[in-house]
Amino acid sequence: QVQLVESGGGLVQPGGSLRLSCVASGFDFSSSNYVMSWYRRAPGKERELVARITSADDSTNYADSVKDRFTISRDNAKNTAYLQMNSLKLEDTAVYYCKADLRLFFRWYNYWGQGTQVTVSS
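Residues numbered from 1 in each chain as written. Predicted model: local features only at pLDDT ≥ 70, side-chain atom pairs only at ≥ 80, totals over all residues. Heavy atoms only, no water.

Enquirer: Would you mind showing me how to read unusual backbone geometry here?
Expert: Leaving glycine out, the prevailing phi sign among residues is negative, and the prevailing peptide bond configuration is trans. Phi angles above zero are rare outside glycine, and Asp 58 is one such case at about 60°. Given the relative accessible area of 41%, Asp 58 is considered partly exposed. (Buried < 20%, exposed > 50% of the residue type's maximum accessible area, 1.4 Å probe, protein only.)

This is the structure:
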């Protein structure tokens, strides 16, 4: 059974940093058949993709709003994906979710974590 557990959220001042973690279990984190993503949902807004990393080649993609501020990475030894968030802005306030898309037998399956709250406030 695939499980994703996020942590690292909290309250931070504008310009500050946080690192979110997503610990994965139930699949081979060192394999090349999945994509890990971070999404967020701000109050009153639709959920949006923040960043994604592909296990096959560690290629990454970012939303324009977070480019050059956020970095997604993964650590096979710890079965963990990270989202390093720097230069945080008020508009980064949201619940952040980790998602795993797994390719198994030519089909894709997706799994979500429970979310972690990030609040940027002075």
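Enquirer: Quick question: what am I supposed to make of the nonpolar core here?
Expert: For soluble globular proteins, nonpolar side chains are generally found buried alongside one another. One finds Phe 27, Met 36, Trp 38, Leu 83, Met 85 and Tyr 96 to be the most contacted residues of the largest nonpolar core, which totals 31 residues. If you list the elements that add at least two residues to this core, you get strand S3 (18-25), strand S4 (34-41), strand S5 (48-54), strand S7 (70-75), strand S8 (80-85), strand S9 (94-104) and strand S11 (116-120). Ranked by residues supplied to this core, first place goes to S9 with 5 residues. For Leu 83, the residues in contact, after removing those within four places along its chain, are Leu 18, Arg 19, Leu 20, Trp 38, Val 50, Ala 51, Phe 70, Thr 71, Ile 72 and Tyr 96. (Core = buried A, V, L, I, M, F, W, Y, C linked by side-chain atoms within 4.5 Å. Helix = DSSP H or I, 4+ residues; strand = E, 2+ residues; numbered from the N terminus. Contact = heavy atoms within 4.5 Å.)

Enquirer: Explain the packing of aromatic side chains to me, please; I cannot follow it from the model alone.
Expert: For any pair of aromatic rings, geometry is given as the distance between the ring centres together with the angle between the planes. Evaluation of the coordinates by the stated rule reveals 5 aromatic pairs. Both rings, one in Phe 29 and one in Tyr 34, keep their centres 5.3 Å apart while their planes meet at 35°; by these two values the pair is tilted. What makes Phe 29 buried here is its relative accessible area of 1%. Between Tyr 97 and Trp 112, the ring centres sit 6.5 Å apart and the planes meet at 85°, which makes this aromatic pair edge-to-face. Separated by 15 residues along the polypeptide, Tyr 97 in strand S9 and Trp 112 in strand S10 (residues 107-112) bring together distant segments of the chain. Linked through ring pairs, Phe 27, Phe 29 and Tyr 34 together constitute an aromatic cluster. Above the plane of the ring of Tyr 39 lies Arg 47, whose end atom (NZ or CZ) is 5.9 Å from the centre. Of note, Arg 47 hangs over the ring of Trp 112, and the distance from its end group to the ring centre comes to 4.0 Å. (Phe/Tyr/Trp six-rings, centres within 6.5 Å; stacked < 30°, edge-to-face > 60°. Lys NZ or Arg CZ within 6 Å of the ring centre and 35° of its normal.)

Enquirer: Looking at this structure, I do not really get the sheet that holds strand S1 (residues 3-7). What am I missing?
Expert: Across a sheet, strands are paired by hydrogen bonds formed along the backbone, either parallel or antiparallel in direction. Overall, antiparallel pairing links the 4 strands, which are arranged S1-S3-S8-S7 in an open sheet. Strands at the two margins of the open sheet, each flanked by one partner only, are S1 and S7. With strand direction ignored, the average angle separating the axes of adjacent strands in the sheet is 15°. Where S3 and S8 come together, 6 bridges link them in antiparallel fashion. By the bridge assignment, Cys 22 is partnered in S8 with Ala 81. (Pairing = 2+ DSSP bridges. Axes fitted to C-alpha atoms, helices over the stretch in contact; angles between N-to-C directions.)

Enquirer: Explanation requested: a nonpolar patch on the surface in the structure shown.
Expert: Taken together, the side chains of Leu 104, Phe 105, Phe 106 and Tyr 109 make up a nonpolar region of the molecular surface, amounting to roughly 540 Å² of accessible area. Within the secondary structure layout, Leu 104 lies in strand S9. (Patch = residues over 30% accessible without salt bridge, like charges linked within 9 Å, V, L, I, M, F, W, Y side chains within 5 Å. Areas by Shrake-Rupley, 256 points an atom, 1.4 Å probe, with all protein chains shown as cover. Salt bridge = Lys/Arg side-chain N within 4 Å of Asp/Glu carboxyl O.)

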